[in-house]
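Letter by letter, the chains look like this.
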Amino acid sequence: MLFINSGCRWVERIKAAAFLAALLIAGCVAAPLDNSLQWQSQLYADHALVGMIWDSERSLFIDANELFGRLEGASYLLLGEKHDNPDHHELQLRVLEHVLGTEKVSNVSFEMMTSDQQPLLESVSSLQQSDLDTIEEYLQWDSDGWDWDFYGPLVQAAIAANVSIKAANISNEEMMRVYAEPTPDEIADVLDALTVTALEKDIDESHCGMLPESQFPAMVRVQQARDFAMAKSLTAGFSRQMQVLIAGNYHIRRDLGVPNYILHTQRGRRPDRIISLSFMEVDAGSVEPHDYLQQFGGTRAYDYIWFTPAVSDEDYCASMRQP
C-alpha cells in the first residue's frame, strides 16, 4: 500500500491521540521493552506508533518481552526490514541475539548473499580472526548493495553462536536464466492467478509505472525464484531447531512471499510454525496499525509489526519521472 503524506501533521497527531486513547481504555497498549534504544532515524520520530509492536492476529499491541517469548516457539522466524533503515538492523540484532541465546537456532539465512557465495560461508567459522573487517573481506561482501555496517553485526552474531549461515538469494547468472526461461515447475503452482496478478501490480508500482507490461511475467518469475530460494535455504535438510531469515519486508509477507514456498514443501504433513516479523517505518498519514499490513486477500501479511521512525520521505518516482 502506498501512503500519501498530507502535510497536516497536527491533524494526524489528534487522530493518533484519539486512536491510542481508545486502545488504552481497552487495555491493549503495551510499552516498548525499555528506553535504551536511541533512534538513528529521525523522520516522524514523534509519531504515535513509533516503538510500538503490533500483534496482527489478536489486533493489539504487545511489549518486547512478550514478543520475544512468542518468537521462541517459531520453526521459521522471518525478520523483515527496509534495507536502508539503521533502526531495523539494530532491532533485528536484538531479536537475533535473543533467539541465538536460547540455543534453539540451527541456521541463519541472508537475502544479501547469493548462492555463489555459499562455499565461503561453509568455511567462515574457520577464520583465525572474527572481527568485522576480516569477515567482510573473506565473504567478498557486496558493500555497494548492502551496507556492511548494517549486516556485519548480524553475520558476526551468527558466527559467534556457531550456527550454520546460508546465502538465501539467487546469483545474477541464475536470475538472468530465470528471466529468460519459462516458470520452473517447482514454483509454477505455488501462487494462484489472483496472487500473481497482485504481484504484477506491486512490481508495476515499485517501478513507478515505467516498466513495460510485457516484462511483468518475467519480473514475477524472478521474484518467485528469489522467494523460493530463500525458502529452500531454510527447509533444505531436516532440523527441529529454528531457522532464521534476514530479508526485506516484501519477501517475508505471508500472503505473497517466502512463507508460501515453505508451506508448499510441507504439503501432506503438519506445517511447522512460521512467524513473520516486520520492522516497518511509520507514515505521517496513517496511525492505524491495520493500514500497514498491506495484505492481499484474507491472509495477514505479517504476524507482528515493530514500528520505527523513517529514513526519508523522498518521492523516488517523482525524481525518476523528471525529464
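Quick note: structure is the one above.
Notes on the structure in this doc start here. Because the structure is predicted, anything quoted here is derived from the model rather than measured.

**Thoughts on helix α9 (residues 193-206)**
At step 1: Here α9 is 14 residues long and its end C-alpha atoms lie 20 Å apart, about the 20 Å a rise of 1.5 Å per residue gives.
At step 2: Against the buried residues of α9 lie α10 (216-235).

**A few points about the packing of helix α3 (residues 86-101) against helix α6 (residues 148-160)**
At step 1: Relative to each other, α3 and α6 sit at 5°, their axes nearing to 9 Å. In this view, α3 runs roughly parallel relative to α6, as classed from their interaxial angle. Residue-level inspection shows P86, H89, Q92, L93, L96, E97 and L100 of α3 in contact with α6, the latter providing F150, Y151, P153, L154, A157 and A158.
At step 2: Within the contact of α3 with α6, the residues separate by chemical class into 10 nonpolar, 2 polar and 1 charged.

**Describing the side chain of Q117**
At step 1: By the secondary structure assignment, Q117 is in the loop between β4 (105-114) and α4 (118-122).
At step 2: Its relative accessible area of 12% is what places Q117 among the buried residues.
At step 3: A polar contact of 3.4 Å, which involves the side chain of Q117, links it to the backbone oxygen of Q140.
At step 4: Ignoring any residue separated from it by four or fewer positions in sequence, one finds Q117 in contact with M112, L139, Q140 and W141.

**Describing the sheet that holds strand β5 (residues 164-169)**
At step 1: Strand order in the open sheet formed by 8 strands is β2-β1-β8-β7-β3-β6-β4-β5, with mixed pairing between adjacent strands. If you trace the sheet from one side to the other, it starts and ends with β2 (60-62) and β5, each paired once. Each strand of the sheet is rotated relative to its neighbour by a mean of 25°, with strand direction disregarded.
At step 2: Here strand β1 (residues 53-55) runs beside β2; their pairing, made up of 3 bridges, is antiparallel. In the sheet register, D55 faces β2, and the bridge partner there is L60.
At step 3: α3 contacts β3 (76-79), β4, β6 (242-246), β7 (274-281) and β8 (304-308) of the sheet and is inclined by roughly 155° relative to β7.

**Concerning the nonpolar core**
At step 1: In this structure, L77, V244 and W306 are the most contacted members of the largest nonpolar core, which totals 48 residues.
At step 2: Broken down by element, this core gets its largest block of residues, 8 residues, from α6.
At step 3: What V244 contacts, discounting residues up to four positions off in sequence, is L77, L79, L96, V99, V105, N107, V108, S109 and L234.
At step 4: Counting 40 residues, the second largest nonpolar core, distinct from the first, contains Y44, M230, L256 and A284.

The rules behind the values
- Residues numbered from 1 in each chain as written.
- Predicted model: local features only at pLDDT ≥ 70, side-chain atom pairs only at ≥ 80, totals over all residues.
- Heavy atoms only, no water.
- Helix = DSSP H or I, 4+ residues; strand = E, 2+ residues; numbered from the N terminus.
- Expected span 1.5 Å × (residues − 1).
- Contact = heavy atoms within 4.5 Å.
- Axes fitted to C-alpha atoms, helices over the stretch in contact; angles between N-to-C directions.
- Parallel < 35°, antiparallel > 145°, perpendicular 65-115°, else oblique.
- Nonpolar A, V, L, I, M, F, W, Y, C, P; charged D, E, K, R; others polar.
- Buried < 20%, exposed > 50% of the residue type's maximum accessible area, 1.4 Å probe, protein only.
- Polar contact = N/O pair within 3.5 Å; in protein donor to acceptor, adjacent residues only side chain to side chain.
- Pairing = 2+ DSSP bridges.
- Core = buried A, V, L, I, M, F, W, Y, C linked by side-chain atoms within 4.5 Å.

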